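Understanding the architecture of this molecule
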Amino acid sequence: MLVNHLYFDISRGISFVDYATIFLLTNIKLFREKPPLRAMNFIAILCTNLILIVQMKCIDSIKSPTWGIFFNIFCIFVGMKYDVIDRLRRERSLTDVELRELLLSADTELIAYLKEQAREVAVGVFGREIKSRGLIEISNYCRNNCLYCGIRAGNADVERYRLSAEEIWECCEQGDLLGFQTFVLQGGEDVRHTTEWVEMVVKEIRRRWPEKAITLSLGERPDEDYQRWFDAGADRYLLRHETANAEHYGRLHPEGMSYENRVRCLQTLKRIGYETGTGMMVGSPYQTVDDLVGDLRFIEQLQPQMIGIGPFVSHRDTPFAECENGSVETTLRLIAILRLMHPEANIPATTSLGTLATDGREQGIMAGANVVMPNLSPVSQRKKYALY
């Protein structure tokens, strides 16, 4: 920061040595800065040098500290502007107040800098390669009645389907031919998907493609199921916490589901040894900015290997049909913040981003995401898996 380099003894005016020191240090900062140099820092350095030239030519006639006072104020403003982002990148955390201010900020330059820093971190960790996971949506049957979900049990208008084991393996075969290194089996909490059936499917995938990673996203299950599927060959498990506010969780889910059980499942997955993924909807009904800060704190505590977030998208056949969609911009800010807080986490650019913005997934990548999940499900079934 420029202000760290500046010293003005206003009791005696500004000496030639002070000017020479400022000139040297500000120019060193210019050359040390990683491109692209922030515009305001460049302007500050330019102004510094111009002031030095003028004042060094008439140093004997300038006894007032006025220049130093105003220049100090200017440099403090410029230096502090991006300090919160630099500190987030360096320390991987901020105060709740600072996180809230970032989420609400109207400063477009500050937010552009946030996303720029997040993308720089992502490239530093993962390179410029974007990871692809092959998504297989194995069933849209679900025993739950979550108020926001298009495949909720109470939606009588959805056309249901359930892939057979053979169809799942065929999707994996296609993914292998396309070069995917990870298969993601995702579905509702289908009561027909018994512990034994899923175990059998996973074992066969592991036998046929031993080098592939297997990710499951099948909701809340007993601890025994998680353990058996892990032993069968599953590597990763995705289970979004949705919201870290228990009261808010209760307003999004039916009776019989609880925030406490969701957290217990996540803790069990980590204890067993899964690479665990969590995340939340952004802009869901009743959500506040403080809720989002709470989500960031929950993720910070859990330390998952995967973080999946996307904007809430209303579905016409749910109680939230008339609710406003979540914000793409807020989602992008959260992706960037999470990238700086969790540099090595896999963060996907979700399909919901692409639903609300034609270039939403691309924007997600530029904000620090490093994963995309193309759909390997049978084309005839894809439209039936309508979460939103």
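This is a predicted model, so every value here is computed, not measured.

Here we come to unusual backbone geometry. Positioned with a positive phi, Y286 is a non-glycine residue whose angle comes to about 75°. Here Y286 is to be found in the loop between strand 7 (281–282) and helix 12 (289–302). Residue Q303 is not a glycine yet carries a positive backbone phi of 55°. Assignment of secondary structure puts Q303 in the loop between helix 12 and strand 8 (306–307).

Relative to the assigned elements, H248 resides in helix 10 (residues 246–252). In terms of polar contacts, H248 uses its side chain to reach the side chain of T243, at 2.9 Å. Look past the residues within four positions of H248 in its chain and what remains in contact with it is T243, S284, P285, Y286, Q287 and D291.

If you walk across this open sheet you meet the six strands as 2-3-4-5-6-8, and the pairing is parallel. Bordering the open sheet on either side are strand 2 (134–139) and strand 8, each of which pairs with just one other strand. Pairing of strand 2 with strand 3 (residues 182–187), which is carried by five bridges, proceeds in the parallel orientation. Paired with S139 across the bridge in strand 3 is G187.

As a further point, take the nonpolar core. L185, I205, L216, Y237 and I337 are the most contacted members of the largest nonpolar core, which has 86 residues in total. Counting residues per element, this core draws most heavily on helix 13 (residues 328–341), which supplies nine residues.

This part takes up the confidence of the model for the protein chain. Where the model shows low pLDDT, its predicted coordinates should not be examined in detail. On average, residues of the protein chain score 87 in pLDDT, and 80% of them are at 70 or above. Below a pLDDT of 50 lies the segment residues 56–64, which in the model reaches seven contacts outside its immediate sequence neighbourhood of four places, other chains included.

Let us now look at the pairing of strand 4 (residues 213–217). Most of strand 4 is tucked away, with five of its five residues classed as buried. Residues A213, T215 and S217 point to one face of strand 4 and I214 and L216 to the other, with burial holding for every one of them. Where strand 3 and strand 4 come together, five bridges link them in parallel fashion. Its bridge partner lying in strand 4, Q186 is registered against S217. What joins strand 3 to strand 4 is helix 8 (residues 195–208), and the crossover it makes is right-handed. Pairing analysis gives two bridges linking strand 4 to strand 5 (residues 236–238), with the strands arranged parallel. By the bridge assignment for strand 5, T215 is matched with R236. Once you follow strand 4 into helix 9 (residues 223–232) and on to strand 5, the crossover reads as right-handed.

Helix length check: helix 7 (residues 165–178), at 14 residues, gives a terminal C-alpha distance of 20 Å against a target of 20 Å (1.5 Å per residue), a fit within 8%. Buried within helix 7 are the following residues: A165, I168, W169, C171, C172 and G175. Summarising the axial view, the buried residues of helix 7 lie within an arc of 155°, below the 170-degree limit, and thus occupy one face. Exposed side of helix 7, more than 90 degrees from the buried face: E170, L177 and L178 are the residues found there. Contacts made by the buried residues of helix 7 are with strand 2, strand 3 and helix 8. Looking one or two residues beyond helix 7, the residue adopting positive phi is G179, at roughly 95°.

What counts as what
Residues numbered from 1 in each chain as written. Predicted model: local features only at pLDDT ≥ 70, side-chain atom pairs only at ≥ 80, totals over all residues. Heavy atoms only, no water. Helix = DSSP H or I, 4+ residues; strand = E, 2+ residues; numbered from the N terminus. Polar contact = N/O pair within 3.5 Å; in protein donor to acceptor, adjacent residues only side chain to side chain. Contact = heavy atoms within 4.5 Å. Pairing = 2+ DSSP bridges. Core = buried A, V, L, I, M, F, W, Y, C linked by side-chain atoms within 4.5 Å. Buried < 20%, exposed > 50% of the residue type's maximum accessible area, 1.4 Å probe, protein only. pLDDT = per-residue confidence, 0-100. Right-handed = clockwise from strand over helix to strand, strands pointing away. Expected span 1.5 Å × (residues − 1). Arc of directions from axis to C-beta.

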